[in-house]
Amino acid sequence: MTTPQVVVHRDKELMAQAAAARLITKIVDAQAARGSASVVLTGGRNGNGLLAALAAAPARDAVDWSRLDLWWGDERFLPEGDPERNATQAREALLDAVDLDPARVHYMPAADGTHDDADAAAEAYAAELAAAARPEDHGPVPAFDVLLLGVGPDTHVASLFPELPGVRETERTVVGVHGAPKPPPTRVSLTLPAIRAAREVWLLAAGEDKAGAVAVALSGAGEVQAPAAGAYGRSRTLWLLDQAAAARLPRDLYPPASP
Ligand SMILES: O=C(O)[C@H](O)[C@@H](O)[C@H](O)[C@H](O)COP(=O)(O)O
């Protein structure tokens, strides 16, 4: 388990811009070192805010978009193109503006696709992840360079909600989610074992409505009660906050450099 590193920015706009610059550098370094990079996207305002900042970033095209594998941490189980799908929002924020290799963009299945329900969709995505894993990877998922997660006010990450079955999953890498407290109720989500296979996990939280969740998750809560507490990477766990979301952090958890 990697000790969480906390970086606090003045506001959510600056957090998104700084996170975008950080992600560009991480992707460029991975591509220079290994010829390609893999990133797991998240839904929500902060996740899409990062993508929009990335689309507008001056250094955006330092990334070789054709050598980037994109996956999703979760998806709302809705028809293809539904405006509420994380994939739809990611395309609007960034993906349609850059020259990705379509074969390397791994959308989670849609509700009107070939899979009858979220559980079958989850199995299909788990199989796609396993097929992309290499022998040197840590388990049946690729070693993602960066796995992005928004954090809910109840400390959920991806579509893993406190006390619900998904956060308790220890074997499968992807699960169907039913009865999610955040609408829509039916979703597909990576599990904590899949999240923890990532080299780096970056958690994004901005706004005072996240201050309680951030404080709880970083103060030793259990992962079933606070799923964000169980989201950590093999070599790095990074919490990217604005001051409002960091407001209830104990002072000893507040990074020294932050104002
Ligand atoms: O499908 C989703 O809704 C997201 O994947 C979800 O996990 C989101 O990241 C958090 O709920 C935070 O959302 P906000 O950034 O909008 O607060």
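As a convention, each chain's residues are numbered from 1 in the sequence order in which they are written. Per-residue local features of the predicted model are confined to residues with pLDDT of at least 70, and side-chain atom pairs are confined, for both listing and counting, to 80 or more; whole-chain, interface and lining totals are unaffected and use all residues. Working from all heavy atoms in the structure, the side-chain values ignore hydrogens and water.

Caption draft 1: Region of interest: the site of the ligand. The near set for a molecule or strand comprises every residue that places at least one heavy atom within 4 Å of it. Near the ligand, the surroundings consist of 15 residues, among which R45, D74, H156, A158 and K210 are the closest. Here a polar contact means two N or O atoms within 3.5 Å. Within protein one must be a hydrogen donor candidate and the other an acceptor candidate, and residues neighboring in sequence count only if both atoms are side-chain atoms. T42 places a polar side-chain atom, nitrogen or oxygen, 3.4 Å from an oxygen atom of the ligand. R45 places a main-chain nitrogen or oxygen 2.7 Å from an oxygen atom of the ligand. Surface exposure here means Shrake-Rupley accessible area, sampled with a 1.4 Å probe, where a residue is shielded only by the protein chains that are shown. Look at the ligand: alone it shows 420 Å² of surface, and the protein chains cover 97% of it. One can see that the ligand is located within the largest pocket. For the shell around the ligand, the element with the highest residue contribution is helix α2 (residues 44-56), accounting for three residues. Definitions used for this entry: grid spacing 1 Å over protein atoms alone; cavity, a set of points where a 1.4 Å probe fits but cannot get out; pocket, an open set with protein on both sides within 12 Å along at least 5 of 7 lines; lining residue, one with an atom within 4 Å of a point. Pocket or cavity membership: a molecule qualifies when more than half of its atoms sit within 2 Å of the grid points of that site. Going along the chain from the N terminus, every DSSP run of H or I of four or more residues is numbered as a helix, and every run of E of two or more is numbered as a strand.

Caption draft 2: Spotlight on the packing of α2 against helix α3 (residues 86-93). Only the stretch in contact is used when fitting a helix axis, every axis being a line fitted to C-alpha atoms; angles between N-to-C directions are given from 0 to 180 degrees. Between α2 and α3, the least distance of the axes is 8 Å, while the angle of their chain directions is 25°. Between α2 and α3, the angle falls in the class roughly parallel. Considering how the two elements wind past one another, α2 and α3 form a crossing that is right-handed. Contact with α2, carried on its side by G44, N48, L51, A52 and A55, involves N86, Q89, A90 and A93 of α3 and no other residues of that element. Polarity classes work like this: nonpolar for Ala, Val, Leu, Ile, Met, Phe, Trp, Tyr, Cys and Pro, charged for Asp, Glu, Lys and Arg, and polar for all others, with Gly in that last group. For the contact of α2 with α3, the per-class residue count stands at five nonpolar, four polar and no charged. Should an angle lie under 35 degrees it is considered roughly parallel, over 145 roughly antiparallel, and from 65 to 115 roughly perpendicular; all remaining angles are considered oblique. It is the rotation of the near helix from the far one that decides the hand of a crossing: anticlockwise by less than a right angle makes it left-handed, clockwise makes it right-handed. Contacts were defined at the residue level, with two residues in contact if any of their heavy atoms lie within 4.5 Å.

Caption draft 3: A look at the sheet that holds strand β8 (residues 200-205). One requirement defines pairing of two strands: DSSP has to find at least two bridges between them. Spatial ordering of the open sheet is given by β1-β9-β8-β5-β2-β3, a layout of six strands whose pairing is parallel. Looking at strand neighbours, the two that pair on one side only are β1 (5-9) and β3 (68-72), the edges of this open sheet. Strand-to-strand twist across the sheet, computed as the mean angle between neighbouring axes with direction ignored, equals 20°. In this structure, strand β2 (residues 37-41) lies alongside strand β5 (residues 146-150), joined through two bridges in parallel fashion. Within the sheet, the bridge partner assigned to V40 lies in β5 and is L147.

Caption draft 4: Representation of helix α4 (residues 118-132) in the model. Relative to the 21 Å expected for 15 residues at 1.5 Å per residue, α4 spans 21 Å between its end C-alpha atoms, a close match to the ideal helical length. The rule is simple: take the accessible area with a 1.4 Å probe, protein chains only, and divide by the maximum for that residue type; under 20% is buried, over 50% is exposed, in between is partly exposed. Taken together, the buried positions of α4 are occupied by A118, A121, A122, Y125, A126 and L129. Along the axis of α4, the buried residues cluster in a sector spanning 140°; they form a single face. Those residues of α4 that are exposed and aimed more than 90 degrees away from the buried face are E123 and A131. Where the residues of α4 are buried, they touch β3, β6 (174-177) and β7 (187-190). Taking the backbone nitrogen of D119 as reference, a side-chain oxygen 3.0 Å away marks D117 as the first, capping residue of α4. What a helix should span is 1.5 Å times the count of its residues minus one. Regarding the arc, it is the one traced by the directions from the helix axis to the C-beta atoms.

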